[in-house]
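Okay, here's what each chain looks like letter by letter:
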Amino acid sequence: MSQSLVPFNQENIANLWQQMSTSQKVGLGALITAALTALIFFLTWSQTPNYTAAFTDLAPEDGSAIVDYLKENNVPFQLDNGGATIRVPAAKVNEV
């Protein structure tokens, strides 16, 4: 029952590759490259943290002190509005 209609082995793959025209080989290579590129992009994008505002309308002195604290505690952050807004990963906003 577990037999497939077309046996899968290296010899069949080699024969199939040899039967393909140059344009088919190039097309298959492009398709595989595009699929791998899309996979890498998706994995990279999905692991990028979602930043949300933790502090807004900050005075420069306050912003500097908060940035120092975040650096000391290895909390990633982004500055917006010329440093008046500090954004941190959404999972850490309540912590900071």
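Residues numbered from 1 in each chain as written. Predicted model: local features only at pLDDT ≥ 70, side-chain atom pairs only at ≥ 80, totals over all residues. Heavy atoms only, no water.

Q: I'm lost on the environment of Ala91 in this one. Help?
A: Tracing the sequence through the fold places Ala91 in the segment after β3 (85-89). C-alpha of Ala91 to C-alpha of Gly27: the two residues are 64 residues apart in sequence and 43 Å apart in space. (Helix = DSSP H or I, 4+ residues; strand = E, 2+ residues; numbered from the N terminus.)

Q: Would you take a moment to explain the confidence of the model for the chain for this structure?
A: Scored by pLDDT, the chain has a mean of 88; 93% of the residues are at 70 or more. Mean pLDDT per element in the chain: helix α1 (residues 10-19) is the minimum at 88, and helix α2 (residues 22-47) is the maximum at 95. (pLDDT = per-residue confidence, 0-100.)

Q: Explanation requested: the pairing of β3 in the structure shown.
A: Across a regular strand the side chains alternate sides, sitting on one face of the sheet and then on the other. Of all five residues in β3, four are buried, a share of seventy percent or more. One ladder, built from four bridges, connects strand β1 (residues 51-55) with β3; its direction is antiparallel. Looking at β3, one finds that Phe55 is bridged to Ile86. Relative to β3, strand β2 (residues 78-80) is paired through three bridges, and the arrangement is antiparallel. Note on β3: the bridge partner recorded for Asp80 is Thr85. (Buried < 20%, exposed > 50% of the residue type's maximum accessible area, 1.4 Å probe, protein only. Pairing = 2+ DSSP bridges.)

Q: It is not clear to me how the nonpolar core should be interpreted in this structure. Could you clarify?
A: Soluble, globular proteins show a tendency: their nonpolar side chains are buried together. Of all hydrophobic cores here, the largest spans seven residues; its members are Leu58, Ile66, Val67, Leu70, Val75, Ile86 and Val88. When contributions to this core are tallied by element, the ones reaching two or more residues are α3 (60-72) and β3. Each residue touching Val75, except ones within four places of it in the same chain, is listed here: Leu70, Val88, Lys92 and Val96. (Core = buried A, V, L, I, M, F, W, Y, C linked by side-chain atoms within 4.5 Å. Contact = heavy atoms within 4.5 Å.)

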